[in-house]
Amino acid sequence: MIGLFGSLNMSARSLSAQQQATEVIGNNLANVNNPAYAREQLVLQASVPLETPQGEEGTGVDAVSIQEFRNAFLDGQISNQTSVTGSLTSQQSALQEAETYLDEQVQNSSAANTPAGSENGIAHALDALFNGFQTVAEPGSGLPERQTLVSTAQGLASKFNQVSTELGSVRDSLNQSIQADVASSNQDLKDIAQLNLEIATATATGGTANSLVDARQAKLEDLASKTNITTSTEANGAVDVSIGGVTMVSGFANSDQMEAYDAGGGQFLVRAQSAGTNLALTGGSIAGSISARDGELTDLQNSLNTLASNLITQVNAIYTQGFGPGGVTGGSFFTGTDASDISVSSDLAADPTIFQGSGSATAAGDNSTVAALGALGHQNITGLQNQTFSGSYATTVTSLGNAIANVTDQLGNSQSVAQMLGNQRSSISGVNTDEEMTNLISYQKAYQASAQLISTINQMLETVLTMKTV
């Protein structure tokens, strides 16, 4: 038998265990709004029993360890989905910024028959240009109509220049974002390696490192939001991290790190610094920025340049054959090569009276040249895939609308999956206030019962001592 003193020790251990369990619950409740925290529980087990002639007699309870509720497979799925969401979010942000600068009623293919355009957009300015040519071609038109036409053409050229510059700023912003995300990712890699060391040190003697594991998981998910990662766990608890097939963290060491570099023409790419090889990035905000920059935004810029280039070529091909006052001919209406530098000829901008709208140097009232310029707006242009200027631009705008709609749909699906996975993890690792309060009451009652047992044993001991003194 364990006797009265043994029972007293058993009750004391019980008090200590219930108190420690209460402290763990308090820590859980304190971290109820901490998304990186995983719920903990004090693991209790029966103490080594005492063999008696009547059989084993229990000796109470021991607090064994503080267990953390984590599902490594679910954590990995969340990291993977975080990479997908990070990439799509970056793409959506870049495309929506381009949409803002384009300043058009961007629509997807389901509304392709509705003309895209706003009063401040290129579509409206294109229509105004060709309408201006037609107005000048009408009988009785004079200097005011020519001045309006030149002003309209200058407005269109300025809009091309502005959009080109602003799309360039989006590209620069994405390059800066890539560099910033690479620097942040490298810091995450260093932190993960350091946490690996601290976790292995803490657990080497049989201890736990729950808070360190929480911190490392948060770092892994932050890293995953910026780039796709592959992880593996070593026997000592350290997590190795690879990016694009290159090992970046091996145990306690950073075996390599990421490096953003200019591959030429402001096209920042990412490589492994030591290995010197480009990383195959398929997820995260870095990959999303590269995809948007080299995909839809480049296509948009190229389409605008093609449109402006063909506009310059086609208008000048007709205009240079026309005649102005006094038989002046051979001048250009537009100068430049693409959307970045298209402008109205400086001579024409300074003096609209020299406009070469006549088809003859001698025939009075011959407006065949400017009439041909007006008709140009309804012609299919070979360099624009046999579309009109307005039609080609509408296709460009629709393509951007389709890209935005597509990435938005994908992002919505990704966020739904991420939410589902987050709910699953929350059901395992999250702190449920009601459950914790129920457990708290249970441990409180057990503590009170143990305290009452100590009081009872104390009275019994006093009785025994009194009997011995009589």
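### Looking at the packing of aromatic side chains
Then step 1. In this structure the tally under the stated criterion is seven aromatic pairs.
Then step 2. Ring geometry for Phe130 against Phe133: centres 6.1 Å apart, planes inclined by 55 degrees, an arrangement best described as tilted. With Phe130 and Phe133 both in helix α3 (residues 122-137) and three residues apart, the pair spans about one turn of that helix.
Then step 3. The class for Phe130 is buried, based on a relative accessible area of 5%.
Then step 4. Phe133 sits in the buried class, given a relative accessible area of 0%.
Then step 5. Taking the centre distance of 5.4 Å and the plane angle of 70 degrees together, the rings of Tyr319 and Phe333 count as edge-to-face. Remark: Phe333 occurs in the loop between α7 (296-319) and β11 (334-335) and Tyr319 occurs in helix α7; sequence separation between them is 14 residues. Across the pair, exposure class does not vary: Tyr319 and Phe333 are buried alike.

### Re the confidence of the model for the protein chain
Then step 1. Summary statistics for the protein chain give a mean pLDDT of 91 and a share of 96% for residues scoring 70 or more.
Then step 2. The model gives residues 110-115 a pLDDT under 50, and that stretch makes four contacts with residues more than four places away or in other chains.

### A closer look at the packing of helix α6 (residues 284-294) against α7
Then step 1. Put simply, α6 and α7 touch, their axes get as near as 3 Å, and they point 15 degrees apart. Classified by the angle their axes make, α6 and α7 are roughly parallel. Contacts between α6 and α7 involve Ser291, Ala292, Arg293 and Asp294 from the first element and Glu296, Leu297 and Thr298 from the second.
Then step 2. Split by residue class, the contact of α6 with α7 holds two nonpolar, two polar and three charged.

### Comments concerning the sheet that holds strand β5 (residues 230-233)
Then step 1. An order of β5-β6-β7-β8 is seen for the four strands of this open sheet, with the pairing classed as antiparallel. Since the sheet does not close on itself, it has two edges, and those belong to β5 and β8 (253-254), each with one partner.
Then step 2. When β5 meets strand β6 (residues 239-243), the two strands line up antiparallel, connected through four bridges. Residue pairing in the sheet places Thr233 in a bridge with Val239 of β6.
Then step 3. This element, helix α5 (residues 210-226), spans β5 and β6 of the sheet and lies at about 5 degrees to β6.

### Some thoughts on the packing of α3 against helix α9 (residues 368-376)
Then step 1. Two elements in contact, α3 and α9, have axes whose closest approach is 8 Å; the angle formed by their N-to-C orientations is 150 degrees. When the axes of α3 and α9 are compared, the pair comes out roughly antiparallel. The handedness of the crossing between α3 and α9 is left-handed. Judged by residue contacts, Phe130, Phe133, Gln134, Val136 and Ala137 of α3 engage Val370, Ala371, Leu373, Gly374 and Leu376 from α9.
Then step 2. Tallied by class, residues from the contact of α3 with α9 come to eight nonpolar, two polar and no charged.

### Description of the pattern of salt bridges
Then step 1. Evaluated as defined, the whole model comprises 13 salt bridges.
Then step 2. Among the ionic pairs, Arg13 bridges to Asp62, the shortest N-O distance being 3.6 Å. With Arg13 in helix α1 (residues 3-30) and Asp62 in strand β4 (residues 61-68), this residue pair connects regions lying 49 residues apart in the sequence.
Then step 3. Overall, Asp62 belongs to the partly exposed group, its relative accessible area being 28%.
Then step 4. Residue Asp75 pairs with Arg425 through a salt bridge whose shortest N-O separation is 2.9 Å. Within this pair, whereas Asp75 is found in helix α2 (residues 72-102), its partner Arg425 is found in helix α10 (residues 389-429), the two being separated by 350 residues in sequence.

### Concerning the layout of surface pockets
Then step 1. Empty space within the largest pocket amounts to approximately 430 Å³.
Then step 2. Lining the largest pocket are 18 residues, and of these Ala72, Asp75, Gln217, Thr233 and Val239 lie nearest its centre.
Then step 3. With five residues, α2 is the single largest residue contributor to the lining of the largest pocket.
Then step 4. Looking at the second largest pocket, its volume works out to about 350 Å³.
Then step 5. Lining the second largest pocket are 20 residues, with Asn34, Pro35, Ala36, Tyr37 and Arg425 positioned closest to its centre.
Then step 6. Listed by contribution, the elements that provide at least two residues to the lining of the second largest pocket are α5 and α10.
Then step 7. When the residues that make up the lining of the second largest pocket are grouped by side-chain class, the tally is eight nonpolar, eight polar and four charged.

### Things to note about the side chain of Asp75
Then step 1. For Asp75, a relative accessible area of 5% gives the class buried.
Then step 2. Side-chain polar atoms of Asp75 contact the side chain of Arg70, separated by 3.1 Å.
Then step 3. Sequence-distant contacts of Asp75, defined by excluding residues within four places in its chain, comprise Arg70, Gln217 and Arg425.

About the cut-offs
- Residues numbered from 1 in each chain as written.
- Predicted model: local features only at pLDDT ≥ 70, side-chain atom pairs only at ≥ 80, totals over all residues.
- Heavy atoms only, no water.
- Phe/Tyr/Trp six-rings, centres within 6.5 Å; stacked < 30°, edge-to-face > 60°.
- Helix = DSSP H or I, 4+ residues; strand = E, 2+ residues; numbered from the N terminus.
- Buried < 20%, exposed > 50% of the residue type's maximum accessible area, 1.4 Å probe, protein only.
- pLDDT = per-residue confidence, 0-100.
- Contact = heavy atoms within 4.5 Å.
- Axes fitted to C-alpha atoms, helices over the stretch in contact; angles between N-to-C directions.
- Parallel < 35°, antiparallel > 145°, perpendicular 65-115°, else oblique.
- Nonpolar A, V, L, I, M, F, W, Y, C, P; charged D, E, K, R; others polar.
- Pairing = 2+ DSSP bridges.
- Left-handed = near helix turned anticlockwise from the far one by under 90°.
- Salt bridge = Lys/Arg side-chain N within 4 Å of Asp/Glu carboxyl O.
- 1 Å grid on protein atoms, 1.4 Å probe; cavity = no way out; pocket = protein on both sides within 12 Å on 5 of 7 lines; lining within 4 Å.
- Points joined across faces, edges and corners; volume = space filled by probe spheres on them.
- Polar contact = N/O pair within 3.5 Å; in protein donor to acceptor, adjacent residues only side chain to side chain.

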